[in-house]
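# Survey of secondary and tertiary structure
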Amino acid sequence: MAIFTGSAVALVTPFKDGKVDYPAMEQMIEEQIAQGTDALAVCGTTGEAPTLKDEEQIQIVRFAVMQTAGRIPVIAGAGSNDTDHAVYMSCALKDVGADALLLVTPYYNKCSQDGLVSHYITIANAAELPCILYSVPGRTGVNITPYAVSRLCDHPYIAAIKEASGNISQVAEIAQYISDDFDLYSGNDDMVVPIMSLGGKGVISTAANVVPKDMHQMTERFFKGDIQGAAELQLSMKPLMDALFCEVNPIPVKAALHMLGKIQAEYRLPLCAPSPQSLERIRNELTRYGLLPL
């Protein structure tokens, strides 16, 4: 059984005066559910997990679980470059009700593919909760190769991979391991339809913070057989998606949400506000897409 099919939002973490802004998060979660989002991913890259304290991360997941109240699955970021810490966080997030875990590859200290396999098996064995492998080598310097996927895909608690390598040839090779027990999700907003065409179950999306309904409808159209309609949505959103990644994620998407009146324009260092040129680009694309008035 898939953890979800369709569009999962990689939710930003809103801050106010240096603390997590739970009223803003509540409104965002309710809007996501109302707009058709199929799952909620919290405390990932887009959620600024590297600068969240452990207790903040646990509380955010607890809050998300309570707010969603079983209406959609909650996927909790629990990855680390320290396997013991990843085990600790995975078990803690399971205890507060997470439905699944998102586990980025170890970064900075890195590892071999065999080390990567051991890392993931150790976490999955300890947590006993569906785990999504997360390959984003542009950030971590570690790629989950098809070899590693072949070693991991039959594990009873390793359920899927979020593929954000940007290498469609690699995605196609990984797709051969798709089965009833292992799923493929796009980690790149501009590659959702191509990855679904290879058997993917959907996307874990940054852009869904801004256009949740359209991200959901793109996947829904595809799975209902309207491939052309899905492709049209993919292409129509491409300029907006590009603007939302004009600087390091989640800087632009948080700026966009601030422009839309949903959150404060607040980051944790080393992330900071975007440049004036980036702000203009983001505003122009929000206006072009009809999200801001002319």
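Below is a summary of the structure that appears in this document. In this text, all values refer to a predicted model and were calculated from it rather than measured experimentally. (Residues numbered from 1 in each chain as written. Predicted model: local features only at pLDDT ≥ 70, side-chain atom pairs only at ≥ 80, totals over all residues. Heavy atoms only, no water.)

Read around the barrel, eight strands follow the order β1-β4-β5-β6-β7-β8-β9-β10 and close on themselves; strand pairing throughout is parallel. Strand-to-strand twist across the sheet, computed as the mean angle between neighbouring axes with direction ignored, equals 25°. Pairing geometry for strand β6 (residues 100-104) and strand β7 (residues 131-135), over four bridges, is parallel. Looking at β7, one finds that Leu103 is bridged to Leu133. (Pairing = 2+ DSSP bridges. Helix = DSSP H or I, 4+ residues; strand = E, 2+ residues; numbered from the N terminus. Axes fitted to C-alpha atoms, helices over the stretch in contact; angles between N-to-C directions.)

Below, the discussion takes up the environment of Tyr157. Here Tyr157 shows up in the loop between α6 (146-152) and β8 (158-163). Overall, Tyr157 belongs to the partly exposed group, its relative accessible area being 29%. Placed 127 residues apart in sequence, Tyr157 and Glu30 show a C-alpha to C-alpha distance of 29 Å. With sequence-adjacent residues up to four places away left out, Tyr157 is seen in contact with Ala124, Glu128, Leu129, Pro130 and Cys131. (Buried < 20%, exposed > 50% of the residue type's maximum accessible area, 1.4 Å probe, protein only. Contact = heavy atoms within 4.5 Å.)

Before going further, it helps to spend a moment on the packing of aromatic side chains. Going through the model one piece at a time under the given rule, you end up with three aromatic pairs. Considering the side-chain rings of Phe4 and Tyr185, the 4.3 Å spacing of their centres and the 5° angle between planes classify their relative orientation as stacked. Here Phe4 is found in the segment before β1 (6-10), whereas its partner Tyr185 is found in strand β9 (residues 183-186), with 181 residues between them in sequence. The exposure class of Phe4 is buried, given its relative accessible area of 4%. When the centroid spacing of 5.6 Å and the interplanar angle of 85° are considered together, the rings of Phe222 and Phe223 count as edge-to-face. Residue Phe222 is classed as buried on the basis of its relative accessible area, which comes to 13%. One cation-aromatic arrangement involves Lys162 over Tyr134; the distance from NZ or CZ to the ring centre is 4.1 Å. (Phe/Tyr/Trp six-rings, centres within 6.5 Å; stacked < 30°, edge-to-face > 60°. Lys NZ or Arg CZ within 6 Å of the ring centre and 35° of its normal.)

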